[in-house]
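Residue-level structural notes
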Amino acid sequence: MSTTVPVKAPMSGAKKQTPEFVQLLDPDGKRLSDELYDPWVSDVTGDQLASLYEDLIIVRRIDTEATALQRQGELGLWPPLLGQEAAQVGSARTLRPDDFVFSSYRENAVAYCRGVKLPDLVRVWRGTAASGWDPFEIGMATPAVIIGAQTLHATGYAVGCTFDGVDSVSVAYFGDGATSEGDVNEAMVFAASFNAPVIFFCQNNQWAISEPVGLQAQRPIADRAPGFGIPSIRVDGNDVLAVMAATRSALDRARTGGGPTFIEAVTYRRGPHTTSDDPSRYVDPVVAKEWEAKDPIARVEAFLRSEGVLTDELAASIQARADEVAAEFRAGCLALKNPEPLSVFDNVYATEHSGLARQRSQYTAYLEGFDK
Amino acid sequence: MTELTLAKALGSGLRRALSDDDKVVLLGEDIGTLGGVFRVTDGLQRDFGKDRVIDTPLAEAGIIGMAVGLAFRGYRPVCEIQFDGFIYPGFDQIVAQVAKLHYRTGGNVRMPLTIRVPYGGGIGAVEHHSESPEAYFAHTAGLRVVTCSTPQDAHSMLREAIASDDPVLFFEPKRRYWTKGEVDEDATGLPMGKARVVTEGTDVTLVTYGPLVATALDAAVAAADDGISIEVIDLRSLSPVDFDTVSASVQKTGRLVITHEASESGGLGAEIAATLTDRCFYYLEAAPVRITGFDVPYPAAKLEDHFLPDLDRILDGVDRALGRVNSLTGWSA
């Protein structure tokens, strides 16, 4: 099995990537055997896989609804995750509540799996708050928009876990573009030096806005980690079962003192970078079509049907459930209230700052002038 | 009371913080076995262990970013940036993450980091070892910025910074590390947000901070010989600035001179001059005067005496504020 890199090589001499990766469910829904990774998912039942299938359907449905909300003027912006559902669900569903996620901004399926309240997904994109949720409620920091910055936070958190003598693990989610950032490379140095229980989960979705992965990496991204002293796994990011197996093996290593692991989940961003983007300027439609054929949901559906787990009835009820979630999500979004004007000054500091207090009182007086 | 150098007073502050709160951890380059290039952390790793006093890989963004993660986990990290000019690789983590996380998360996540930065010139060093980058951080919402000038302040302000639930940039005047003074570890002095009137005067208010406080005091002594009475104010905190204390002084003297090593444009002096002009317009007898480093990169060691404000340049500024003959009027005026 091989993946395809964008046909337009960014520079002469860029090498074609011919990766091997862990795959347990091929695009046709055929279960492949893998001596190393089968044991990590040997306990996953048909019903459990059906539950993952439901997650995949729901997160895609939420994503579609969010794009619709943006098109209708209810959101300023939205970063679609179409194509990356399995990478996110397969990894996030393996975590414990006491693990901690540090993500970027496209990990809405991860947030869903961590139990985020639906409207919290769009507070930022609707502009009603600077972030969506209380990180300590769902064990997930609010997204870092500066690319790669969160990988260092995950590393520090993981070191804190070892100081505390607990076996919690932190997971940093980032993309192929982030691997060019200094922060990500520093995070790997620090994680290796301190043997931190952290998982570097890279969704290689082949694109950093318009820049193909070939501009970031001349070798498979997973090949870099061993140079830092960190074992790595290259996994089919569109295979929920393989992603789960890879993440479980990494979690086990982290919990038992084995330190960090790097996972490259090879996937494809089938939508735009955000709703403001126009991929028709840079995506080859032939390649896009190839990735449609590797859809992360279709293969689970084919497998579950072949196993007799998924019936038309169950599929219809899952779709109905997804529509309900989408309706709840939409209603929650529309009900988000605009913040009070003076809250612009809130929480800049944990304790009062006299300079800011002065600006606040002056602006309060200014606003009061409109009531007279 | 013990007589300590400023560097030792910082070290004793760190020692007390480590003893008082087991969530305090120190991170930095060469702070463990070596005790820091200025020996501020001397002996701390030996006494508190490698999990409390952590030698890190050589990467400033890594140090700050790791501290952010530790803060998420409930720790109270104290980062040492080895020299002022080395803070820029960590700038993004400080400005985009440390400063903003409390605001971004609606107060759910606190960032009680202290970032210690030896700063300023006067030690004959090479490039990147003598800079005064405090204005970048004073300009950044979400950070507190303080600097000390005496061993007592070094000790108590550092402990207060570490105990603060807000992130604090703690600038240490490296050429004053060897200044000695009495330190009372149990002193309940001024809170770090409060400016200190170092010496009272009636003719001119001279505002400064960090390494130039000692120079400003020398200037006050020299001016007294000419019958000029200078009130020296050590700001101590650069964000927020204690404008009440400065205003009270300017309302008394009617004249304001500000001096700092950092370059003039966009510096703290500009902020203080603007705010004091606003607050004390009808009290001012003359325009505020700034005596600062020039708008040049920090120069070679053999030129730094021409860059750094010294006693004579400060006195020239005092003459400008008083309308006496000065370098701008021409010496023969």
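All figures in this text were calculated on a predicted structure; none of them were measured in a lab.

Thresholds applied
- Residues numbered from 1 in each chain as written.
- Chains lettered and ligands numbered in written order.
- Predicted model: local features only at pLDDT ≥ 70, side-chain atom pairs only at ≥ 80, totals over all residues.
- Heavy atoms only, no water.
- 1 Å grid on protein atoms, 1.4 Å probe; cavity = no way out; pocket = protein on both sides within 12 Å on 5 of 7 lines; lining within 4 Å.
- Points joined across faces, edges and corners; volume = space filled by probe spheres on them.
- Helix = DSSP H or I, 4+ residues; strand = E, 2+ residues; numbered from the N terminus.
- Nonpolar A, V, L, I, M, F, W, Y, C, P; charged D, E, K, R; others polar.
- Buried < 20%, exposed > 50% of the residue type's maximum accessible area, 1.4 Å probe, protein only.
- Pairing = 2+ DSSP bridges.
- Right-handed = clockwise from strand over helix to strand, strands pointing away.
- Domains from an automatic or database assignment.
- Buried area = accessible area lost by both parts, 1.4 Å probe.
- Salt bridge = Lys/Arg side-chain N within 4 Å of Asp/Glu carboxyl O.
- Polar contact = N/O pair within 3.5 Å; in protein donor to acceptor, adjacent residues only side chain to side chain.

Observations regarding empty space enclosed by the protein
- Under the counting rule described, the total for this entry stands at three cavities of 30 Å³ or more.
- By volume, the largest cavity amounts to about 60 Å³.
- Lining the largest cavity we find Phe102(A), Ser103(A), Ala141(A), Thr142(A), Pro143(A), Ala144(A), Gln150(A), His153(A), Phe72(B), Gln97(B), Leu101(B) and Arg104(B).
- Counting only elements with at least two residues in the lining of the largest cavity, the list comes to helix 6 (149–164) of chain A together with helix 5 (101–104) of chain B.
- Its residues assigned to classes, the lining of the largest cavity shows six nonpolar, five polar and one charged.

What about the layout of surface pockets?
- Within this model, the largest pocket holds a volume of roughly 1000 Å³.
- What lines the largest pocket is a set of 42 residues, and nearest its centre among them are His353(A), Gly355(A), Ala138(B), Ser239(B) and Pro240(B).
- Looking at the lining of the largest pocket, the elements with two or more residues in it are helix 13 (354–368) of chain A together with helix 6 (134–138), strand 6 (144–147), strand 12 (237–239), helix 9 (243–253) and helix 10 (268–279) of chain B.
- Here the lining of the largest pocket is built from residues that sort into 17 nonpolar, 16 polar and nine charged.
- By volume, the second largest pocket is sized at about 380 Å³.
- What lines the second largest pocket is a set of 21 residues, among which Thr128(A), Ala129(A), Ala130(A), Pro339(A) and Ser343(A) lie closest to the centre.

Concerning the pairing of strand 6 of chain B
Residue and element names in this part refer to chain B.
- Here strand 6 shows a buried face lined by Arg144 and Val146 and a second buried face lined by Val145 and Thr147.
- Judged from the four bridges that link them, strand 6 and strand 7 (residues 168–173) form a sheet pairing that is parallel. Opposite Val146, over in strand 7, you have Phe170 as the bridge partner.
- In this view, the connection linking strand 6 to its parallel neighbour strand 7 by way of helix 7 (residues 151–163) has right-handed handedness.
- Sheet analysis places strand 6 next to strand 12, joined by two bridges and oriented antiparallel. Within strand 12, the residue paired with Val145 across the bridge is Ser239.

Focus on the domain arrangement of chain B
Residue and element names in this part refer to chain B.
- On domain assignment, one finds that chain B holds domain 1 (2–183) and domain 2 (196–322).
- Here the C-alpha centroids of domain 1 and domain 2 sit 26 Å apart.
- Taking both sides of the interface into account, the surface hidden between domain 1 and domain 2 amounts to around 1800 Å²; carbon and sulfur atoms contribute 52%.
- Counting every contact that joins domain 1 to domain 2 gives three salt bridges.
- Across the salt bridge formed by Arg175 and Glu261, the nearest N and O atoms sit 2.4 Å from each other.
- Counting across the domain 1 and domain 2 interface gives 15 residue pairs in polar contact (both at pLDDT 80 or more).
- For the side of domain 1 that touches domain 2, the secondary structure elements donating two or more residues are helix 6, strand 6 and helix 7.
- The greatest single-element share of the side of domain 1 that touches domain 2, amounting to four residues, is contributed by strand 6.
- Taken together, the residues of the side of domain 1 that touches domain 2 sort by class into eleven nonpolar, nine polar and six charged.

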